[in-house]
Amino acid sequence: MTKTDRNAVRVVVAGDRGTGKSSLIAAIASESFPDTVLPVLPPTLLPADYFPDHVPITVIDTSSSLEKQNKRNEELKGADVVVLTYACNDSQSFSRLSSYWFRELQKLEVTVPIIVVGCKLDLRDESQQVSLERLMAQLLQEFKNVATCIECSAATLYQVPEVFYFAQKAVLHPVEPLFDHESQALTDKCVRALRRIFVLCDRDMDDALNDAELSDFQVRCFNAPLELPQIADVKTVVQQDVPEGINSHGLTFPGFLYIHNMFLRKGNPETFWAVLRYFGYDNDLKLKDNFLPVPSKTAPDQSVELTGEAVEFLNGIFRLLDTDKDRALKPSEVDKLFCTAPESPWNDAPYNNVTERTDMDYMSLNGFLSQWALMTLLDPPCTLANLIYIGYSGNPAAALRVTRRRSVDRKKQTTERNVFQCYVFGSKNAGKSALLDALLGRPFSNNYTPTTVEKFAANAIELIGVSIKGTRKTLVLREIPESEVSKFLSNQDYLAACDVAIFVYDSSDEYSWKKSRDLLEKVAGQGDLTGYRVPCLLIAAKDDLTPYPRAVQDSVKVTLELGIEAPIHVSMKLGDSNNVYNKIVSAAEHPHLSIPETEIGKKRKQYNRLVQNSLIFASVGTAMAVVGLAACRAYAVKKNSSA
């Protein structure tokens, strides 16, 4: 029996009136042909032991009448698989499959497998016999979710159980994720999954499975070893059709693919899925959740980071991929990294083009590790899954760690984080994107493109003035578009994931300065209201331009009032960053400093001091009362003794 995560299968039977839907269901339920059948049967349960997979089936009958169309549509939307019937003695009912029923299913967005069933086979005129292979090819070409076609007869019970067996199998062991009928080849995701399995089984890493490795694979997936004569037979079959599938070391990857393709050609997808299930794959050919023990955060102001063990593994992977030892990965080498994953997670936003590259546009080691750090920060399950896809063989639970709460860091006035997330606020054309580009070592560009969606940049920062040489932290800059600030701040937990907030303004522009000041006040106020108070820094960008005079005076005044550092002046055009990235990391490392003191915060602090002082006075009063009472008792005892 192939293991599956499903504990039930819901089969909905639909088709034209008179095609034999209800008779088909009654026949499977009673294992006989009934004399009379209700127009629409109630739900019918086929018990778990009816078929080898030991999963119960609920069969739902539907009406073809217009009055019951809404009810039928609801049932179809909730189906795991649809059995679509036509009458073998009625060619018009077969034509209606394409002209009506498949169109209806598409309209309802029903994408589950479909089993096309010809009923009343015993009544068909043999001169009108239809080739099932031609029928299947025709339907598959037009409707991709047709799983199989079968003919049956409820009157003679011919192939009635097979209808529901194929229906159950289409759900538990679907062919669609594995095989592309259009190209007549295994899907890309399927090939990638099999490549990972092949690599895991190739213990001596010689790109071939020897006899012992093949037998071990058979034991792991099917609890039965392969004997030497069986292995020889497998190799003979493979070599006849795929000469490159066998070499002097054993079964190569093309041969491994051929064997699994053979399972499908012989109609045994359950054997294929037995292999995939053993190695942790779900129906989408991704690792199942129970294979991904992602540590959970208990508070929004925690984050997830790679452990030292995982970072060491990634360093080794980088060295392994860097075959020409130029300390950089070409695009082809990065593609090779994820050839055993369902897809490369770095091809699309927010991960594409967000880390350091060499002059040749290759990925440096810094960029490589920063990319993983960013993905872990934003999507820990994705990181853990991809670590496993690329060969991480350690305990998955030891690959990631949950950091301490940021609120605790502020109280303890220190942090243990290795990855700092910095939110970058500011008006349009203030210089935010230039700040992100400079972090990645990219040259300044005069071409301005407004940022409409949030952008990221991540890189390692060498700490200045620390006792341990070579200490680095990963800094993630997250640019927030001006138009999106209100939406982001409407989320009460949005600041929880922020280590430092910076406010960039064009030092030569009045509007830009006023906008940054306004954003600073909003963010500081939001921090006071939600409890997620974050260190804040002002960045005076474009320092090469003539400054707006009022901005110089106001910025000093604002920073003094809020109790934060004076603005950091930078000019990315002149290449003068003024150590801004180190200053951001320093603010993150000292999370109790650079937190703006708003009026709300000051009043709360005064109130807390008042309450604290009241408690102190109350404690002192209580202590004095106790001392006084003790003195009175001592005096009374002394007086009685004298008497």
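Provided above is the structure to which this section pertains.
Attention here is on the structure that accompanies the text. (Residues numbered from 1 in each chain as written. Predicted model: local features only at pLDDT ≥ 70, side-chain atom pairs only at ≥ 80, totals over all residues. Heavy atoms only, no water.)

1. Points about the packing of aromatic side chains
Here is step 1: Applying the stated criterion to the full structure yields 22 aromatic pairs.
Here is step 2: Relative to Phe143, the ring of Phe102 has its centre 4.0 Å away and its plane inclined at 10°; by these criteria the two rings are stacked. Here the residue Phe102 occupies a position in helix H3 (residues 91-107), and Phe143 occupies one in the loop between helix H4 (132-142) and strand E6 (146-151), the gap between them amounting to 41 residues. Each member of the pair, Phe102 together with Phe143, is buried.
Here is step 3: Here Tyr423 and Phe425 contribute two aromatic rings whose centre-to-centre distance is 6.4 Å and whose plane-to-plane angle is 75°, an arrangement assigned as edge-to-face. Each member of the pair, Tyr423 together with Phe425, is buried. (Phe/Tyr/Trp six-rings, centres within 6.5 Å; stacked < 30°, edge-to-face > 60°. Helix = DSSP H or I, 4+ residues; strand = E, 2+ residues; numbered from the N terminus. Buried < 20%, exposed > 50% of the residue type's maximum accessible area, 1.4 Å probe, protein only.)

2. Topic: the sheet that holds strand E2 (residues 44-46)
Sheet strands line up and pair through hydrogen bonds in the backbone, either parallel or antiparallel.
Here is step 1: With respect to topology, six strands assemble into an open sheet ordered E2-E3-E1-E4-E5-E6, the strand pairing being mixed. Across the chains shown, the open sheet's two edge strands, defined by having one partner strand only, are E2 and E6. Averaged over all pairs of adjacent strands, the angle between their axes in this sheet comes to 25°, without regard to strand direction.
Here is step 2: Sheet analysis places strand E1 (residues 9-15) next to strand E3 (residues 57-61), joined by five bridges and oriented parallel. Residue pairing across strands places Val13 opposite Asp61, the latter belonging to E3.
Here is step 3: Against the sheet, H3 contacts E1, strand E4 (81-87), strand E5 (114-119) and E6, and its axis sits at roughly 155° relative to E4. (Pairing = 2+ DSSP bridges. Axes fitted to C-alpha atoms, helices over the stretch in contact; angles between N-to-C directions. Contact = heavy atoms within 4.5 Å.)

3. Structural notes on the side chain of Thr355
Here is step 1: Mapping Thr355 onto the fold places it in the loop between helix H12 (331-337) and strand E13 (363-364).
Here is step 2: With a relative accessible area of 0%, Thr355 lands in the buried category.
Here is step 3: Here the side chain of Thr355 touches Gln371 through a polar contact of 2.8 Å, side chain to side chain.
Here is step 4: Discounting chain neighbours no more than four positions away, the residues touching Thr355 are Met363, Gly367, Ser370, Gln371, Leu440, Arg442 and Ala458. (Polar contact = N/O pair within 3.5 Å; in protein donor to acceptor, adjacent residues only side chain to side chain.)

4. Some details on the pattern of salt bridges
Here is step 1: If you walk through the whole model with that rule in mind, you get 32 salt bridges.
Here is step 2: Residue Arg203 is joined to Asp216 by a salt bridge in which the shortest nitrogen-to-oxygen separation is 3.0 Å. Here the residue Arg203 occupies a position in the loop between helix H6 (188-201) and helix H7 (211-222), and Asp216 occupies one in helix H7, the gap between them amounting to 13 residues.
Here is step 3: Its salt-bridge partner being Arg404, residue Glu416 comes within 3.6 Å of it at the nearest N-O pair. Highlighted residues: Glu416 in the loop between helix H15 (406-412) and strand E15 (419-426) and Arg404 in the loop between strand E14 (400-402) and H15, separated in sequence by 12 residues. (Salt bridge = Lys/Arg side-chain N within 4 Å of Asp/Glu carboxyl O.)

5. Some remarks on empty space enclosed by the protein
Here is step 1: As enumerated under the stated definition, the model contains two cavities of 30 Å³ or more in all.
Here is step 2: Counted as a void, the largest cavity has a volume near 70 Å³.
Here is step 3: Around the largest cavity, the lining residues are Arg406, Asp409, Arg410, Thr415, Arg417, Cys498, Asp499, Arg533, Val534, Pro535, Ala588 and Pro591.
Here is step 4: Sort the elements by how many residues they give to the lining of the largest cavity and H15 lands first, with three residues.
Here is step 5: Looking at the second largest cavity, its volume works out to about 50 Å³. (1 Å grid on protein atoms, 1.4 Å probe; cavity = no way out; pocket = protein on both sides within 12 Å on 5 of 7 lines; lining within 4 Å. Points joined across faces, edges and corners; volume = space filled by probe spheres on them.)

6. What to know about the pairing of E5
Here is step 1: Among the six residues of E5, six are classified as buried, and the element is accordingly described as predominantly covered.
Here is step 2: Side chains of E5 alternate between two faces, with Ile114, Val116 and Gly118 and Ile115, Val117 and Cys119 buried alike.
Here is step 3: Two strands pair when backbone bridges link them, and E4 and E5 are joined in this way by six bridges, in the parallel orientation. Within the sheet, the bridge partner assigned to Val83 lies in E5 and is Ile115.
Here is step 4: Crossover E4 to E5 through H3 is right-handed.
Here is step 5: Examined bridge by bridge, E5 and E6 share five bridges and lie parallel to one another. For Val117, the partnering residue across the bridge sits in E6 and is Ile150. (Right-handed = clockwise from strand over helix to strand, strands pointing away.)

7. Focus on the layout of surface pockets
Here is step 1: A volume near 870 Å³ is recorded for the largest pocket.
Here is step 2: Those elements that provide at least two residues to the lining of the largest pocket are H6, helix H11 (308-321) and H12.
Here is step 3: Broken down by class, the residue content of the lining of the largest pocket amounts to 13 nonpolar, four polar and seven charged.
Here is step 4: Residue contributions to the lining of the largest pocket reach at least three from each of two domains, namely domain 2 (185-285) and domain 3 (302-403). (Nonpolar A, V, L, I, M, F, W, Y, C, P; charged D, E, K, R; others polar. Domains from an automatic or database assignment.)

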